[in-house]
Amino acid sequence: MIETQEDKALLKHCLNKDYVSCAKINIRRQLQGRLPDTDLNTQVFFLSHLKPSDVDAQTRRALLQLLELDSLDVSRLTALLGQILVDELNADADNLIEQSLKNDLLKPFLKSMLCSNIALEHLLSKLRHALLMKLGAEGALNHGEIDLASHLLLQLIKNEYLWAVSPIEQELVQGLHQLLLLSSKQPAWEPEKSNLLILMLALYMPLEELWQNYQLYEFSRQQWPNILLPALALTVQAKLHEARLRETIPSYMDSLSAVSAKVQAQYEQHPYPRWQRLRLDKAQTSKAYFNKTLPGARFSFLDNKRVDILVAGCGTGSQPLSLAAQLTNTHVTAIDLSLASLSYGKRMSEKLRIDNVDFAQVDLLDAACLKQDFDFVVCSGVLHHLNDPLQGWQVLTRLLRDGGVMSIALYSAIARAEIRRQRAFVHQAGLSSSASDIKKYRQVLMQREPDSTITQCRDFWSLSECRDLIFHECEHQYSWLGVKEALDKLGLKLLKVEAPEASLAQFDRAFPETGARLKLENWHEFEKTAPSTSIGMYHFWCEKR
């Protein structure tokens, strides 16, 4: 019910897709404490449509408030805030440390977001270098500089140490290693006594490596520098927790094909994605969710007291945990090849207190070992990494109950033409999937093709995600006609094709007849003229005929 003039104005702007005006209305509500927590995700969406020039003092205050909420996914604001920081830090780049200390957005950004801006990555790398040089020249950093360095560390943990390191930095870091080695051999030494050395070294190598190399595991949490505790929680302590959780996750693994073994090894080394925040909408029943997602469809399982969901290839667990948290009458089974990924997901389930998810290590091809069938099967971005995707899809179809529904996402051959070109370059350059070669590839691409569509992909900005994007062990790509052929072979009926709102409007203008969206031949023709429609993946819903 629309009760106030403010509500009416908000509705009008929403209907007109004037999201900047929507954001301004909600900023007033937010700063006055009148915006409900349930509307914060929507506010993030509105704010993501702003340009830096739209951000006044009030808007900045609202942005800072949202960045402080650990439970809120603010990733949609990355581009906006990244460009603001570039503009502000570049204003006096010769005094980068001083500029950074003055900037109220920088530390919240480093803590909450993953940098996805080439100019900002260069500035942040330069800031790290400047702090290292200052420590080397003066032997100390002030309190503000130490705090700034600790926030840079949080960013490096997010991107998995993806930034380039100059020869000068390498030389200085080697000197710090020698100092720490000497210090750690002194009687009664503990990490607190070398807090600056450890902090600065942690800006260039993972804390886990420092932990092992200098036997820092011998010291209790109380003996660690306070400034390092947040980073310690995200790295060493998280890994130790995940190691304990590995023992609690049931495994039904037998032998793997050569391709599956390579894919498993990739995700054991680089669990993907390393998310920290989960975007959660309002909790709702399964019936409400499916009525909204697939309006007009009727599913008998929605009358059940519990809806059983399978997420096949769950990775680090964001998708099953999101479903489990938002759908009130569900139980989710989440399976994956990688025990490292599953352990990450289970740790996050404990952190978020989501208890209606069971994690299990299962080869998708052997998912029948679960001895259960499901009302809803989700398989997003997984089948195309199998040696025989259709075989895996067939297994999932057998696990789907009569009247059940399936959500599938597959890579598009047309949309991923640029990725194929990049992979050809990687092959010709003789680059492997090692961390050092992934970093080399990124530096070359940012220098040669800074405006490439690859640098616009979120996956370009962290090590594990860049490996998944460009260096994957196995990937098949589809056309819409290939999807249609697979659906026919499997006896599945198409229910819906997901696409951005603007793309759906464009499609409807090209194919205005009733039922056109359910004809994959139409989508095949449409994609030829609008290849960016499926730049992520084909995403569609289907059911057994």
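Note: the structure precedes this text.
How each quantity is defined
Every chain's residues receive numbers from 1 upward, in the order its sequence appears when written. Owing to the predicted nature of the model, reporting of local features is limited to residues with pLDDT of at least 70; listing and counting of side-chain atom pairs is limited to 80 or more, with chain, interface and lining totals taken over all residues. Where side-chain values are given, they derive from all heavy atoms of the structure, hydrogens and water being excluded. We call a set of buried Ala, Val, Leu, Ile, Met, Phe, Trp, Tyr and Cys residues a nonpolar core when their side-chain atoms join them within 4.5 Å. Accessibility here uses a 1.4 Å probe with only protein chains present; expressed as a share of the type maximum, an area under 20% marks a residue as buried, one over 50% as exposed, and anything in between as partly exposed. Counting from the N terminus, the helices are DSSP H or I runs at least four residues long and the strands are E runs at least two residues long. The contact criterion used is simple: two residues touch if any of their non-hydrogen atoms lie within 4.5 Å. Whenever a nitrogen or oxygen atom comes within 3.5 Å of another N or O atom, the pair is scored as a polar contact, on the condition that within protein one atom can donate a hydrogen and the other can accept it, and that pairs from neighbouring residues in sequence are kept only if both atoms are in side chains. In this analysis a 1.4 Å probe is tested at points of a 1 Å grid over the protein atoms alone, and where it fits but cannot get out there is a cavity; an open set with protein on both sides within 12 Å along at least five of seven lines is a pocket; lining residues have an atom within 4 Å of a point. Grid points are joined across faces, edges and corners, and a volume is the space filled by probe spheres set on the points. Three classes are used: nonpolar for Ala, Val, Leu, Ile, Met, Phe, Trp, Tyr, Cys and Pro, charged for Asp, Glu, Lys and Arg, and polar for all others, with Gly counted as polar. At least two bridges found by DSSP between two strands are what make those strands a pair. Crossovers are described as right-handed under a simple rule: with the strands pointing away from the observer, the path leading from the first strand over the helix to the second runs clockwise.

A. Molecular detail of the nonpolar core. With 80 residues, the main nonpolar core has L81, L153, M200, L207, L210 and W224 as its most contacted residues. The element that contributes the greatest number of residues to this core is helix 9 (residues 143–159), accounting for eight residues. In contact with W224, not counting residues within four places along its chain, are P191, E192, I198, L207, W211, L216, F219, L229 and L232. By size, the runner-up hydrophobic cluster in this structure holds 43 residues, among which are V362, L396, I408 and L487.

B. Highlighting the side chain of T316. Relative to the assigned elements, T316 resides in the loop between strand 1 (307–312) and helix 17 (318–326). The exposure class assigned to T316 is buried, which follows from its relative accessible area of 0%. A distance of 3.5 Å separates the side chain of T316 from the backbone oxygen of Y272, its partner in a polar contact. Sequence-distant contacts of T316, defined by excluding residues within four places in its chain, comprise P271, Y272, P273, W275, S341, Y344 and G345.

C. Highlighting empty space enclosed by the protein. Tallying each qualifying case throughout the model produces one cavity of 30 Å³ or more. In this structure, the largest cavity spans a volume of roughly 40 Å³. Residue lining of the largest cavity: W480, V497, E498, A499, P500, W523, T533, S534, M537 and Y538, and that is the complete set. Grouping the constituent residues of the lining of the largest cavity by class yields seven nonpolar, two polar and one charged.

D. Spotlight on the pairing of strand 4 (residues 374–380). Extensive coverage of strand 4 is indicated by the burial of six of its seven residues. The sheet contact formed by strand 1 and strand 4 spans three bridges and is parallel. If you follow I309 over to strand 4, its bridge partner there is F376. Pairing geometry for strand 4 and strand 5 (residues 400–410), over six bridges, is parallel. Its bridge partner lying in strand 5, F376 is registered against V405. Between the parallel elements strand 4 and strand 5, the chain passes through helix 19 (residues 389–399) in a crossover that is right-handed.

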